[in-house]
Amino acid sequence: MGAAAARADPAPPRVRPPYRDRGTAYTAPARPYEDDLAASAWSDVAEHRFPVARTWTPRHVLGYLRTTSFANAGLFGDGARHAAFEADVHALLTGLTDQEGPLVEQAEFRVLLARRPGITL
């Protein structure tokens, strides 16, 4: 290992964002992210919004739920509880559509871009 590598500062600790875990409700941050950025060296903040429409079938929704931390099979304890949950979700969603018809989700991605004042690209 070279002398420069030996003197390198250690990487800063990673901060985990708020998340839901095993039945706990999501808690929003105490203040908006743009306020945190405005108070930092990265205070030149621009917001961009990107609307999207996603089309799902009831089976696609079930597949998505299986991948989440708040509705995957492991949270239900046994296979019977999870199967009952999936049957209930499928029945609810097919009742909202023409059987396996589409469900349209309107969503918006909000992106904050921040840079140090005076820095131009």
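What counts and how
- Residues numbered from 1 in each chain as written.
- Predicted model: local features only at pLDDT ≥ 70, side-chain atom pairs only at ≥ 80, totals over all residues.
- Heavy atoms only, no water.
- Helix = DSSP H or I, 4+ residues; strand = E, 2+ residues; numbered from the N terminus.
- Contact = heavy atoms within 4.5 Å.
- Areas by Shrake-Rupley, 256 points an atom, 1.4 Å probe, with all protein chains shown as cover.
- Phe/Tyr/Trp six-rings, centres within 6.5 Å; stacked < 30°, edge-to-face > 60°.
- Buried < 20%, exposed > 50% of the residue type's maximum accessible area, 1.4 Å probe, protein only.
- pLDDT = per-residue confidence, 0-100.
- Core = buried A, V, L, I, M, F, W, Y, C linked by side-chain atoms within 4.5 Å.
- Salt bridge = Lys/Arg side-chain N within 4 Å of Asp/Glu carboxyl O.

## Examining the overall build of the chain
Summing up its helical and strand segments, the chain has 4 helices and 2 strands in all. Along its sequence from the N terminus, the chain presents helices and strands in the succession α-α-β-α-α-β. In the chain, the share of contacts with a sequence separation of at least 24, taken over all contacts with a separation of at least 6, comes to 73%. Summing over all exposed atoms, the chain offers an accessible surface of approximately 9600 Å²; the carbon and sulfur share of this is 58%.

## Focus on the packing of aromatic side chains
The tally for this structure, following the rule as stated, stands at 2 aromatic pairs. Between the aromatic rings of W56 and Y64, the centroid separation amounts to 5.5 Å while the plane-to-plane angle is 65 degrees, which identifies the pairing as edge-to-face. Exposure remark for Y64: the relative accessible area of 40% places this residue in the partly exposed category. Residues F76 and F85 carry aromatic rings whose centres are separated by 4.8 Å and whose planes lie at 35 degrees to one another, so their mutual orientation is tilted.

## Regarding the confidence of the model for the chain
Here the chain shows a mean pLDDT of 81. Residues at 70 or above account for 79%. Mean pLDDT across the secondary structure elements of the chain bottoms out at helix α1 (residues 3–7), with 47, and peaks at strand β1 (residues 44–56), with 94. Ignoring residues within four places in sequence, the model shows residues 1–6, a span with pLDDT below 50, making 1 contact including any to other chains.

## Notes on the nonpolar core
Residues W56, V61, L62, L65, A71, V89, L93 and L103 constitute the largest nonpolar core, which totals 8 residues. Put simply, the parts of the chain that give this core at least two residues each are α3 (58–66) and α4 (79–96). Residue contributions to this core peak at 3 residues, all from α3. Not counting the four nearest positions on each side in its chain, A71 is found in contact with L65, F76, H82 and F85.

## Points about the environment of A25
With respect to the element layout, A25 can be found in the loop between α1 and α2 (33–38). The exposed category is assigned to A25, whose relative accessible area is 62%. Remark: the alpha-carbon pair of A25 and F70, spanning 45 residues in sequence, is separated by 9.6 Å.

## Brief notes about the side chain of T97
You can see T97 is positioned in the loop between α4 and β2 (103–115). Once you skip the residues sitting within four places of it in the chain, T97 turns out to touch P58, P102 and L103.

## Considering the pattern of salt bridges
A full pass over the atoms with the stated rule returns 8 salt bridges. Residues E34 and R110 are paired through a salt bridge, measuring 2.3 Å at the closest nitrogen-oxygen approach. With a gap of 76 residues between them, E34 in helix α2 and R110 in strand β2 connect regions that are remote in the sequence. R110 sits in the partly exposed class, given a relative accessible area of 38%. Put simply, R49 and E47 hold a salt bridge, and the shortest N to O gap is 2.6 Å. On the accessibility criterion, R49 (45% relative accessible area) is partly exposed. For E47, a relative accessible area of 37% corresponds to the partly exposed category.

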